[in-house]
Amino acid sequence: MLNTRYKPRVCIINLGCPKNQVDAEEILGAFKHRGYRPVHDPENTDILIVNTCAFIRPAEEETLQVLVEAAVLKRQRRIKILIAASCLVSKYGEKKVRAAIPELDYAFPPGKLECLVAAVEKSALGRRVVKPGFSKERNERVLLSSPGTAYLKIAEGCSRKCTFCLIPALRGPLHSRPIDAIVGEAEALAAEGVRELILVAQDITSYGNDLGGRFGLTDLLDRLVKVPSVHWIRLMYVYPDGISAGLIQRLAGQSKLCKYLDMPLQHASRKILRRMGRSGNGDKFLKLIAHLRQQVPGIALRTTLITGFPGESRTEYQELVSFIKQARFDRLGVFPYWREKGTPAATMLGRISAPLRKRRQHELMDLQAGISRQRLVSFVGSKMECLVEEPSGQKHIIARTFRDAPEVDGGIIVTGRARPGEIIQVRVTGSTDHDLTGVIL
Ligand code: SF4
């Protein structure tokens, strides 16, 4: 039996998307609430949780590698409890995952996280009686982002039907969180010193659609901009056909809303978009982009695109190349298509070879590097507000401007000293393909 003053250590390795990260932060928060000690070193912990990702094969392979390494720690008795959580478990089921990694004590799909703490409480550690069912709306989180920043998950799951995507199968249909719970969490995070809230879901523009349309994303934003001491509100995962006039108006008029939109488009060819089960086309997207830039001057636009989707002949690929040249995105992520069993696209004819899928990805990223370089040079000499992420050596810090989302975009390397989480004023002195440099004012 453990010494009662001893606080069992719990560590989580989070893989995948920001939505998964929020789950991981809530798990750590629930353990902390019950007297466990969150730690960041997987080799020095009692409980190790791997918060898995499995939405495409490369993510699944990374997850399995992490689980195999964690299993070694368990066999060496350096950890007491090993748990797999989230998407790998919903993809294959608890039994198959535990059969693949016999060292696992437990495996929980996304929907069952609230049982996870209860299971540990009943295990060998068995220190305390678990209160039945910890409520997710308590929102105690141990943040894993850099200081001053937090993701705010406004909904779970997705009710759209993109033919390449497993997420609706892994995470279920759209489930919007109650607006008061989200605002309450934002207030709690702000009280802890969070200055930037990053709104995430599979598609934030669908927020509220499953709640009878009584309220939507703009109603939520009208509440969030009133949360004191929040400085930036950033919108990620915006579906193009969900961008309303009301949203554009708020982006233009609300100073707390970052003039930034992450708007995954996936492709520009009408033929390929229809095969993907998505709406729109290149011309329509270009009109939307022009409208956004006209209504919200200085807005930074990010998108993600897929290369090598079944049926993407040279013609459709050239449509994508020409679209990128015309759209001139500020930020772009390009991913080669992965065939995922169980998705409609997996049985489609017209497959593109892996080397060609990758070559097209690299060609588009090279094209984007040139576009980004040209866009960034226009900021040299300007004054920009930045959120400090971390120190870099003795004399520099890494920070982000309103144009930079964490982890996926570039940033700004600033000469000077400031604390992580601080908002500073910077004079931009230089630029590269994806980053800026500057000095603190
Ligand atoms: S919007 Fe499409 S790509 Fe995004 S999570 Fe939903 S189904 Fe998947």
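Predicted model, so just to flag it, every value in this text is computed and none were measured.

1. Regarding the overall build of the protein chain
- Helix and strand content of the protein chain: 13 helices and 18 strands.
- Taking 2.2 N^0.38 as the reference for a compact globule, 441 residues should give roughly 22 Å; the C-alpha atoms of the protein chain span a radius of gyration of 22 Å, in line with that estimate.
- Principal-axis analysis of the C-alpha atoms gives the protein chain an extent of 65 × 55 × 50 Å.
- Out of the 441 residues belonging to the protein chain, those deemed buried represent 54%.
- Taking all contacts inside the protein chain whose residues are at least 6 apart in sequence as the whole, residues at least 24 apart take part in 73%.
- If you sum the accessible surface of the protein chain, you get close to 19200 Å²; carbon and sulfur atoms cover 54% of it.

2. Focus: the domain arrangement of the protein chain
- What the domain assignment reports for the protein chain is domain 1 (9–128), domain 2 (149–377) and domain 3 (383–440).
- Domain 2 and domain 3 are separated by 24 Å when their C-alpha centres are compared.
- Opposite the 22 residues of domain 2 that make contact, domain 3 presents 23 residues.
- A buried area of about 1900 Å², summed over both sides, lies between domain 2 and domain 3, and 50% of it is on carbon and sulfur atoms.
- Summed over the three residues of domain 2 that lose the most area to domain 3, namely W232, R331 and L376, the buried surface amounts to 34% of that side.
- Joining domain 2 to domain 3, the criterion identifies 5 salt bridges.
- Taking the shortest distance from any N to any O, the salt bridge between D404 and R331 comes out at 2.5 Å.
- The tally of links from domain 2 across to domain 3 stands at 14 residue pairs in polar contact (both at pLDDT 80 or more).

3. Quick notes on the side chain of D409
- With respect to the helices and strands, the residue D409 is situated in the loop between β15 (396–400) and β16 (412–415).
- Looking at D409, the relative accessible area reads 14%, which means it is buried.
- Polar side-chain contacts of D409 include one of 2.6 Å to the side chain of Y260.
- From its side chain, D409 meets the backbone nitrogen of A405 in a polar contact 2.8 Å long.
- Setting aside anything within four residues of it in sequence, one finds D409 in contact with Y260, R302, R331, R403 and D404.

4. A look at the site of the ligand
- Surrounding the ligand, one finds C158, R160, C162, F164, C165, I167, P168, Q202, Y239 and R278.
- Among the residues making up the shell around the ligand, the classes are represented as 7 nonpolar, 1 polar and 2 charged.

5. As for the sheet that holds strand β9 (residues 196–200)
- What the 6 strands build is an open sheet, ordered β6-β9-β10-β11-β12-β13; its pairing is parallel. The two strands at the open ends of the sheet, each matched to only one other strand, are β6 (149–153) and β13 (331–336). Strand-to-strand, the axes of this sheet are offset by a mean angle of 20 degrees, without reference to chain direction.
- Here strand β10 (residues 232–235) pairs with strand β11 (residues 257–262) via 2 bridges, running parallel. Looking at β11, one finds that I233 is bridged to L257.
- Packing of helix α13 (residues 354–377) onto the sheet brings it into contact with β12 (300–307) and β13, and relative to β13 it is tilted by some 175 degrees.

6. Re the sheet that holds strand β14 (residues 383–392)
- Taken in spatial order, the 5 strands line up as β14-β15-β16-β18-β17 and close into a barrel, and their pairing is mixed. Sheet twist, expressed as the mean angle between neighbouring strand axes with direction ignored, is 50 degrees.
- As defined by bridge partners, β16 adjoins strand β18 (residues 436–440) across 4 bridges and the pair is classed as parallel. Note on β18: the bridge partner recorded for I412 is L436.

7. Considering the packing of aromatic side chains
- Within this structure, the stated rule accounts for 7 aromatic pairs.
- Taken together, the ring pairs connect F164, F309 and Y337 into an aromatic cluster.
- Looking at R234, its charged tip hangs above the ring of Y260, at a distance of 4.7 Å from the centre.

Conventions adopted
- Residues numbered from 1 in each chain as written.
- Predicted model: local features only at pLDDT ≥ 70, side-chain atom pairs only at ≥ 80, totals over all residues.
- Heavy atoms only, no water.
- Helix = DSSP H or I, 4+ residues; strand = E, 2+ residues; numbered from the N terminus.
- Rg over C-alpha atoms; globule rule 2.2 N^0.38 Å.
- Buried < 20%, exposed > 50% of the residue type's maximum accessible area, 1.4 Å probe, protein only.
- Contact = heavy atoms within 4.5 Å.
- Areas by Shrake-Rupley, 256 points an atom, 1.4 Å probe, with all protein chains shown as cover.
- Domains from an automatic or database assignment.
- Buried area = accessible area lost by both parts, 1.4 Å probe.
- Salt bridge = Lys/Arg side-chain N within 4 Å of Asp/Glu carboxyl O.
- Polar contact = N/O pair within 3.5 Å; in protein donor to acceptor, adjacent residues only side chain to side chain.
- Near = heavy atom within 4 Å.
- Nonpolar A, V, L, I, M, F, W, Y, C, P; charged D, E, K, R; others polar.
- Pairing = 2+ DSSP bridges.
- Axes fitted to C-alpha atoms, helices over the stretch in contact; angles between N-to-C directions.
- Phe/Tyr/Trp six-rings, centres within 6.5 Å; stacked < 30°, edge-to-face > 60°.
- Lys NZ or Arg CZ within 6 Å of the ring centre and 35° of its normal.

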